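Here is how the chains run, residue by residue.
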Amino acid sequence: MQWETVIGLEIHAQLATNSKIFSGASTQFGNEPNRQACPVDLGLPGVLPVLNEGAVAMAVRLGLGIGADIAGRSVFARKNYFYPDLPKGYQISQYEIPVVGTGQLEIALDDGTVKTIGVTRAHLEEDAGKSLHEDFHGMTGIDLNRAGTPLLEIVSEPDMRSPAEAVAYAKKIRTLVRYLGICDGNMQEGSLRVDANISIRPAGSDEYGTRAEIKNVNSFRFLEKALNFEFERQREILEEGGKVDQETRLYDANADETRSMRTKEEANDYRYFPDPDLLPLEVDQAFIERVRAELPELPDEKRDRFIREYGLPAYDANVLTASRELADYYEATVTAAGGAPKVAANWVMSELGGVLNAQGIDITESPVSAEALGGLIQRIQDQTISGKIAKQVFEAMVAGEGNADTVIEAKGLKQITDSGEIERMIDEVVDANPGQVEQYRAGKDKVLGWFVGQVMKASRGKANPEQVNQLLRQKLDS
Amino acid sequence: MHDRTIAELARALADGEVSSVELTRGFLDRIEARDPDCNSFITVTREQALAEAEAADEARAAGRGGPLTGVPIAHKDIFCTDGVRTSCGSRMLDNFEAPYDATVVRNMRDAGLVMLGKTNMDEFAMGSSNETSYYGPVKNPWDPTRVPGGSSGGSAAAVAARLAPGATGTDTGGSIRQPAAMCSLTGLKPTYGRVSRFGMVAFASSLDQGGPLARTAEDCALMLGAMAGFDPNDSTSIDRPVDDYAAALDGVSLQGLKVGLPKEYFGEGMSEGVRGAVEGAAERLRELGAEPVEISLAHTELSVPAYYVVAPAEASSNLSRFDGVRYGYRCDEPKNIIDLYERSRGEGFGAEVKRRIMVGTYALSAGYFDAYYLKAQKIRQLISDDFRKAFEQVDVILGPTSPTTAFPIGERSDDPVAMYLSDVYTIAVNLAGLPALSMPAGFADGLPVGVQLIGNHFDEGRLLGVAHQYQQATDHHRQVPAGVND
């Protein structure tokens, strides 16, 4: 049977506020345990939460970024459960009325198609602390530094039909929250955490199958692997006539498998009710407009502009707008090169991209600045060097040997455009290979390419290939 | 000196008749000598009080003092005090010292008031008799075999026994007014949001409100002026200027004042003695120029059931933080985390607290939420609407505070429902967030009877003024329990 996968994601984005969502304590990562937890974060008796307006503004930014309805009035609720790293015995979250309502997001698939994924809601909540098991024999340590850190939980519709789509969506959310400056998107540090709901059904069916929820996947690669594993697991169960249990599962990256954590029957009753310590959150139109006025150009707008303004293919525009930093780098490169947007796109995506990949670093840590790369492209454009030689120059630039002009000068890589000199080289090559000349004249056009190669070789790549081509034809056809 | 009111003591301090150190030492000595019989204090902060008194004297000498500088008072042990134990009447917090002051405590310290200590109370403010305290029951100074009311029973008894001229209390369903009535005091439950809840250990957040317990309306006005105010640390605190309640007292006139008498408050369950006192108070107010008007608060009978859903629901959640993990009581040798929770909570909480946690957990649980919690919230709205309509007709509402006078210790401790009905006349006010005051209105069989004045939102000034006028014309509030002045 053909099976169809149905996936929905819940993405927790840690908001990049300076202080916590309900207290004035710092949200900095990596401090000594319990050094940035104030009495509110510790849940001491009598203390009360006070909402951080910055977190609300960030939620609204996200809402505007996905074209969602912003609730004029939303409600904070308590989600009650006992856990040692949950100081109050409840988590303050939004339940029935979240601040961000229905919105949507476009994802570009590998085959070039664009798909719209619905976002059901996004709500504000506080994070819990962390339980520490290392260094405590037979006991557990509690670090409440993270307790009270603002989270925005972004819940999608079950609109994704393959693990690849789910990854594309998750990546798009990360791109968006980074553009918006509301989350650093660092999955290793847990700033962005993904829970995935996955079920399968016979292709063409309208009904949903029983879903499994995979908790806290901490990389896109693991997300794809976990979903692939889960698809296979559910398919096997159903094809053998079994039933999929509704349960929460964990992905074990070492074993590349998901394992049951708890079933629906064991699920908690969270006893949600409106938090009486907090008034309903009122967001008025003026506040929304203030946030809107501060919005940066969003990834889709940027992509469309790149296509329009630079004449880039959609693929290039998508790749180059995947992060705000990359897009900024690209634009700075084009400016420095004085144009040549497609050449610049190719250089940024393949040559520079290859270097960054190999070194495992980010565009912000690029060994070649946008200005330097633009300078190199300028030398290609003005024919000082050929594209091929440019790669050699680029390598030297990556190695820290200076900018394009310095390298070209130092290594004597300047392109030969003096037609006299080129003609001399052509004469030498033609004279030395009478057999090939004969073949050419007998109508074997391909031999021209061989001659070009020989001349280029003789010039150690420095001859202008177009000139070589033209002068060779003249010589051979004469 | 101990028999003077706060207003009188403030004048004595201002006139230099007495120093704060002398006054404070006098009260501390009385507490030491007499409180063993009464059990109204959990913690006495002798050294700190004397140091504060000394600072108050210096401030006055330097001309920096306010009207209340140097007046000693006591705080209910529900208010957190920096570095001084805050037990909330529970074994759970027997060893707890907060690293901060409740806003009420800070405000009153800023006004120059001196803290004598922390008063006994029903555990986590759950009770109407002060018998649920881990530190033992408080005895009513009017009759030591009887309860002082609750949950602010320690504060009420301390003031009635003249161990402090005033004390703070909190009122979730009547916990200031009912003990005020049973101990012949004036007690005010302010409008919800008027007094900050920050640093007040939460029982039911949407109902809790701190307020003063003292001998006269004038003293309550002075105390409220020091307690109240907007607090950015409490999101439900209301940003509205605090009136000068004490200065406004004489400006309130009873002439033509429409006093609503809700017919639902005069039905069954009220003792004859209480009925007589309430009718007497209504008559007295009429003689003073007020105009009694019969009104109806139709949903009164639903207030106790609605309250006993909402309050335990919030309490079950508020008390989750007492889990033995970070502070407070932890059981010995826990086997694992579940054992740690179960035994810490099982051993740390008393029976009434556990009962309410269970009721509240049930009311919020999936499948019962709509039937209980949501239904109770709807009733709450109906009750608010009743009051709103009533205040279109009248200026204040008069009724009994408690259906009976102080009952014997032990009488109702095995009958939670009988205990809950002690608050039948006070609870609706909390559900509606209104201000209300209880003032002495006479005696029945030698025990004090209080009557309640309910006002519209932020009408504390009017309530205090009416009570003040009434107290100018009566002497119920001047009676002293036998032996107190020996």
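Keep in mind it's a predicted model, so treat the numbers as computed, not measured.

Calculation notes
- Residues numbered from 1 in each chain as written.
- Chains lettered and ligands numbered in written order.
- Predicted model: local features only at pLDDT ≥ 70, side-chain atom pairs only at ≥ 80, totals over all residues.
- Heavy atoms only, no water.
- Patch = residues over 30% accessible without salt bridge, like charges linked within 9 Å, V, L, I, M, F, W, Y side chains within 5 Å.
- Areas by Shrake-Rupley, 256 points an atom, 1.4 Å probe, with all protein chains shown as cover.
- Salt bridge = Lys/Arg side-chain N within 4 Å of Asp/Glu carboxyl O.
- Lys, Arg positive; Asp, Glu negative; His and termini not counted.
- Charge placed at Lys NZ, Arg CZ, Asp CG, Glu CD.
- Helix = DSSP H or I, 4+ residues; strand = E, 2+ residues; numbered from the N terminus.
- Expected span 1.5 Å × (residues − 1).
- Buried < 20%, exposed > 50% of the residue type's maximum accessible area, 1.4 Å probe, protein only.
- Contact = heavy atoms within 4.5 Å.
- Polar contact = N/O pair within 3.5 Å; in protein donor to acceptor, adjacent residues only side chain to side chain.
- 1 Å grid on protein atoms, 1.4 Å probe; cavity = no way out; pocket = protein on both sides within 12 Å on 5 of 7 lines; lining within 4 Å.
- Points joined across faces, edges and corners; volume = space filled by probe spheres on them.
- Nonpolar A, V, L, I, M, F, W, Y, C, P; charged D, E, K, R; others polar.
- Pairing = 2+ DSSP bridges.
- Core = buried A, V, L, I, M, F, W, Y, C linked by side-chain atoms within 4.5 Å.
- Axes fitted to C-alpha atoms, helices over the stretch in contact; angles between N-to-C directions.
- Buried area = accessible area lost by both parts, 1.4 Å probe.

### A short note on a negative patch on the surface
Taken together, E325, D328, D362 and E365 of chain A make up a surface patch of like negative charges. Structurally, D362 of chain A is set in the loop between helix 9 (341–359) and helix 10 (370–381).

### What about helix 11 (residues 337–348) of chain B?
Residue and element names in this part refer to chain B. Spanning 12 residues, helix 11 covers 16 Å between terminal C-alpha atoms, matching the ideal 16 Å at 1.5 Å per step. When helix 11 is considered as a whole, its buried residues turn out to be D339, L340, Y341, S344, R345 and G348. Those residues of helix 11 that are buried lie in contact with helix 12 (351–364). Between a side-chain oxygen at the N-terminus of helix 11 and the backbone nitrogen of I338 the separation is 3.1 Å; the capping residue is N336.

### Digging into the layout of surface pockets
All names here are of chain A. There is about 1800 Å³ of room inside the second largest pocket. Around the second largest pocket, the lining comprises 49 residues; the ones closest to its centre are K171, R174, T175, V319 and A322. It is helix 3 (residues 163–179) that provides the largest number of residues to the lining of the second largest pocket, a total of 9 residues. Its residues placed into classes, the lining of the second largest pocket shows 22 nonpolar, 14 polar and 13 charged.

### Some remarks on the pairing of strand 9 (residues 396–400) of chain B
All names here are of chain B. Along strand 9, 5 of the 5 residues are buried, which leaves the element largely enclosed by surrounding structure. Pairing of strand 7 (residues 258–262) with strand 9, which is carried by 2 bridges, proceeds in the parallel orientation. From the neighbouring strand, G260 faces strand 9, where its bridge partner is I397. As judged from the 4 bridges shared by strand 9 and strand 11 (residues 447–454), these two strands associate in the antiparallel manner. Within strand 11, the position partnered with L398 by the bridge is L453.

### Thoughts on helix 10 of chain A
Residue and element names in this part refer to chain A. Here helix 10 spans 16 Å end to end across 12 residues, near enough to the 16 Å set by a 1.5 Å rise per residue. With 9 of its 12 residues buried, helix 10 lies for the most part within the structure. Within the span of helix 10, buried status applies to A370, A372, L373, G374, G375, L376, I377, R379 and I380. If you follow the buried residues of helix 10, they end up packed against helix 8 (324–337), helix 9, helix 11 (387–398) and helix 12 (404–411).

### Points about the nonpolar core
Judged by nonpolar contacts, the single largest core of 159 residues is most densely connected at F124, F322, F387, I397, L453, I454 and L464 of chain B. When neighbours within four sequence positions are excluded, F124 of chain B is seen to be in contact with C88, S90, M92, L93, V201, F203, L319, F322, F349 and V353 of chain B. Listed in part, the 65 residues of the second largest apolar core include V56, L64, V177 and L298 of chain A.

### A short note on the side chain of S152 of chain B
All names here are of chain B. With respect to the helices and strands, the residue S152 is situated in the loop between strand 3 (114–119) and helix 5 (153–160). The class of S152 is buried, set by a relative accessible area of 0%. There is a polar contact of 2.9 Å between the side chain of S152 and the side chain of K76.

### Details of the pattern of salt bridges
Counted according to the given criterion, the structure contains 60 salt bridges over all chains. For the salt bridge of E331 of chain A with R305 of chain A, the shortest nitrogen-to-oxygen distance reads 2.9 Å. In this pair, E331 of chain A is assigned in helix 8 and R305 of chain A in helix 6 (residues 299–310), connecting sequence segments 26 residues apart. For E331 of chain A, a relative accessible area of 16% translates into the label buried. R305 of chain A gets classed as buried once you look at its relative accessible area, which sits at 14%. As a salt-bridge pair, R412 of chain B and E411 of chain B come within 3.3 Å of each other at their nearest N and O atoms. Through salt bridges that share partners, R78, D275 and D277 of chain A together with R197 and D234 of chain B make up one connected network.

### With respect to the sheet that holds strand 3 (residues 76–80) of chain A
Within the open sheet, the 3 strands sit side by side as 4-3-14 (chain A). Their pairing is antiparallel. In this open sheet, the two edge strands, each paired with only one partner strand, are strand 4 (90–94) and strand 14 (273–274) of chain A. As paired elements, strand 3 of chain A and strand 14 of chain A share 2 bridges and run antiparallel to each other. Looking across to strand 14 of chain A, one finds that R78 of chain A is bridged to F273 of chain A. Helix 10 (residues 303–318) of chain B rests against strand 3, strand 4 and strand 14 of chain A of the sheet, and its axis sits at about 65° to strand 3 of chain A.

### Concerning the interface of chain B and chain A
The partner chain A presents 31 residues to the 37 residues of chain B that form the contact. For the pairing of chain B and chain A, the buried interface totals around 2700 Å² over both sides, and the portion due to carbon and sulfur atoms is 59%. Its largest share of buried area at the contact with chain A, chain B owes to S235, R321 and R326 of chain B, together 22% of the area lost on that side. In this assembly, chain B and chain A are joined by 1 salt bridge. A salt bridge links R197 of chain B to D277 of chain A; the nearest nitrogen and oxygen atoms lie 3.0 Å apart. For the pair chain B and chain A, the interface holds 17 residue pairs in polar contact (both at pLDDT 80 or more). When residues of the side of chain B that touches chain A are assigned to their parent elements, the largest contribution, 4 residues, is made by helix 10 of chain B. Looking at side-chain class alone, the side of chain B that touches chain A contains 20 nonpolar, 11 polar and 6 charged residues.

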